[in-house]
Each structure stands twice: as C-alpha cells, then as structure tokens.
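So you can see what is in the structure, the chains are spelled out below.
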Amino acid sequence: MEREVPPDLEGDMLARRRYMQRHCDHLRTALMWEPRGHRDMYGCLLFAPHSPTAHVGVLFLHNEGYSSMCGHGIIAMTKLLVESGFPADSDAANNRAELRIDTPAGLVTAQAHFAQDGRTVERVSFANVPSFAYKLDVPLKSSSFVPLLGKDTVKVDIGFGGAFYAYVGTDELGLPPTSIVPQECDKLKQIGVVIKHAAIKQVELVHPFEADLGFLYGTIITSPPHTAQHHSRNVCVFADGEIDRSPTGTGVSGRLALLHARNQIQPGAPAVIESIIGTSFTGIVASTTRFGPHEAIIPIVSGTAFVTGRSEFLLDPADPLRHGFIL
C-alpha cells in the first residue's frame with residue numbers, strides 16, 4: 001500500500017494551497033471523492049503553521065478544489081485537536097483554550113469552551129478575518145433564471161467573510177419563506193449554481209491584498225428563521241454545487257458585514273442563523289476596522305461539533321480508482 005501524506009511545504013497557506021492544487025491534487029480527490037467520500041464531502045489538511053504566533057495551519061478541501069476559509073471546518077478541527085491534547089494556549093480562569101490557525105484567508109483565532117469537566121469542548125467560537133460588504137443590490141441578468149424563477153433578473157449582494165459570496169433572499173427569488181428545507185435541496189442547488197455562474201461573469205471581484213482570494217466561492221440564499229427568536233435561516237451552495245449542511249461560518253461572517261453596512265445589526269448584538277437542517281451558528285459584530293478600501297468588521301462566530309469516528313484510508317497501487325472518482 002502507498003503511504004500518502006501532505007508534503008512538508010514552506011510559505012504561507014496561499015502558497016501551500018497553490019502547490020497542492022498543482023502538484024498534490026490526487027490527495028484531495030482520493031479523500032473527497034468516491035469511494036472514500038462523496039460529492040458533498042468536505043475536509044481539512046493540517047500543516048505546520050506559517051505565522052510565528054499560530055499553532056497550526058490548515059487547507060480546506062471540497063469536491064472542486066480548496067477553500068480559502070471555512071467556519072465549520074475551524075469549529076470541527078478545534079474541537080478535535082483540543083480534545084486530542086494538541087498544544088493550545090490554556091485559559092483556565094475562563095475554562096477555555098485558544099488555538100490560532102493559519103488559513104489561506106489569514107489568521108483565525110478560535111476559542112474552545114470547555115464543559116464543567118474541563119476536558120470536553122462543548123462549544124467553539126472564532127474571530128474571523130476582516131469581513132466586508134463588497135457590493136449591494138447588484139442586478140444579475142441571465143436567461144438561465146427564467147425556467148427556475150420565471151424572470152431573467154435577480155438582485156444580489158456580494159459580501160466577503162473569508163471568501164466572496166452572492167447573497168439573495170427567498171423573497172427576491174419568488175420562493176416561499178419556508179423554502180430552505182432538505183426537501184427543496186435539489187431546487188436550491190440549481191438556483192445557487194446559476195446565480196453563482198451569472199455573478200462570476202458579471203461581477204469583477206478584487207480582494208484588497210491577495211489576488212488568489214478574488215473569486216466567487218458560492219451563493220447564499222437567505223430566508224426568515226423557522227424559530228421565532230432566531231435572526232434568519234440560510235443555505236450555502238458552493239464549489240461545484242455542494243450544499244453546506246451547516247449555516248456556513250464564512251457565509252455568516254459576510255452576512256454580518258452586509259447587515260452592518262445596512263445598519264441592520266449593532267456591534268455586540270448576537271444573531272442566531274439557522275442552517276438547512278435546523279442547526280445554528282451565533283454571530284456577532286465584535287468590532288469594526290478598515291480593510292484596504294473597505295469598511296469592515298471583525299465577526300465572531302460560534303457553534304458546536306461532535307467527533308463521529310476515526311478512520312484510516314488505504315490507497316492500493318493496483319487500484320485504478322485509488323485517487324477517486326465523482327459522479
């Protein structure tokens with residue numbers, strides 16, 4: 001059997017992301033695609049940190065390639081690493097530990113909040129990279145909208161929360177406010193994909209500092225919440241038509257930036273945002289800042305994760321499908 005491990009790469013996480021894309025993409029496809037994964041699989045590859053203050057570096061994997069940041073990935077890896085004894089900065093007085101993580105989008109600081117036993121991580125929060133409203137009320141025009149929506153123009157907002165997203169409400173799409181449910185998954189995916197493709201063609205995206213981050217990662221469809229005391233519900237359609245089962249940490253970050261730009265949320269006020277399966281993240285605008293030409297926020301997003309298993313994957317050199325396949 002082959003022993004496949006990520007190479008010991010130098011440079012920041014964007015440089016490592018480029019190297020993996022060009023030279024080691026078979027590791028991603030072997031893990032994310034069938035027979036070890038599936039079309040909606042998501043994963044993390046851990047590396048030594050690049051920043052002098054970071055504990056660990058990470059690249060995020062999906063069916064199409066490599067994300068620039070991932071909130072639910074940060075929450076899951078923090079839970080797993082801290083409970084496994086990975087060295088982190090202890091804050092015993094507050095019953096938590098801090099993990100600083102190098103991501104392609106920048107340094108992210110996660111807090112593992114312990115249960116009363118002082119060992120079980122019951123919640124994770126993270127301070128994300130600066131997030132900002134890029135463009136508001138952008139009209140997208142496409143004939144592909146007509147069979148799905150009965151019109152050829154859709155108005156979206158573009159926000160950045162570690163990745164760029166196009167945001168659109170169910171009201172703008174002419175959908176019932178209760179549409180973000182698993183039963184509507186296929187239709188939501190179709191809508192998200194055509195909006196993403198239209199936005200890629202019609203909106204030029206420029207990240208203030210990193211050309212590699214100037215791409216549209218997905219579409220986020222928003223609706224009223226299903227639980228009255230929550231803020232809203234959303235679903236993210238990203239990469240090659242993947243559906244995020246979580247509320248999407250980077251998407252929540254960008255959403256907070258859009259809400260702040262419209263004066264619809266105040267700093268420090270929590271917003272509970274639901275996912276398509278009813279789970280939730282809580283986001284707050286922790287502070288404001290400037291990020292290149294943009295008025296930006298520092299969002300803090302919190303949620304939970306659970307360890308479901310430990311696996312060892314084997315790649316048989318005689319297996320013609322050892323690097324995966326996707327349908």
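Since this is a predicted model, take the numbers as computed values, not measurements.

Cut-off values and rules
Residues numbered from 1 in each chain as written. Predicted model: local features only at pLDDT ≥ 70, side-chain atom pairs only at ≥ 80, totals over all residues. Heavy atoms only, no water. Phe/Tyr/Trp six-rings, centres within 6.5 Å; stacked < 30°, edge-to-face > 60°. Helix = DSSP H or I, 4+ residues; strand = E, 2+ residues; numbered from the N terminus. Buried < 20%, exposed > 50% of the residue type's maximum accessible area, 1.4 Å probe, protein only. Salt bridge = Lys/Arg side-chain N within 4 Å of Asp/Glu carboxyl O.

1. A closer look at the packing of aromatic side chains
Taken as a whole and assessed by the stated rule, the structure comprises 11 aromatic pairs. Plain terms: the ring middles of Phe-132 and Phe-160 are 5.1 Å apart, the flat faces sit at 20 degrees to each other, and that makes the pair stacked. Of this pair, Phe-132 sits in strand S8 (residues 131-141) while Phe-160 sits in strand S9 (residues 153-160), and the two are 28 residues apart along the sequence. Overall, the relative accessible area of 0% leaves Phe-132 in the buried class. For Phe-160, a relative accessible area of 1% gives the class buried. Aromatic pair Tyr-217 and Phe-238: ring centres 5.3 Å apart, planes at 45 degrees, arrangement tilted. A residue pair is termed long-range when its members are at least 10 positions apart, and Tyr-217 in strand S11 (residues 216-223) and Phe-238 in strand S12 (residues 232-238) qualify at 21 residues. Each member of the pair, Tyr-217 together with Phe-238, is buried. Put simply, the rings of Tyr-42, Tyr-165, Tyr-167, Phe-215, Tyr-217 and Phe-238 pair up and form one aromatic cluster.

2. Some details on the pattern of salt bridges
Applying the stated rule across the entire model yields 15 salt bridges. The partner of Arg-28 in a salt bridge is Asp-25, with the nearest N and O atoms 2.8 Å apart. Of this pair, Arg-28 and Asp-25 are both found in helix H2 (residues 25-32), 3 residues apart, which corresponds to roughly one turn of the helix. Take Arg-28: its relative accessible area is 4%, and that puts it in the buried class. Taking relative accessible area as the criterion, Asp-25 reaches 22% and is therefore assigned partly exposed. In this structure, the salt-bridge partner of Arg-262 is Asp-157, at a minimum N-O distance of 2.8 Å. Within this pair, whereas Arg-262 is found in the loop between helix H7 (249-261) and strand S14 (271-274), its partner Asp-157 is found in strand S9, the two being separated by 105 residues in sequence. A relative accessible area of 30% places Arg-262 in the partly exposed class.

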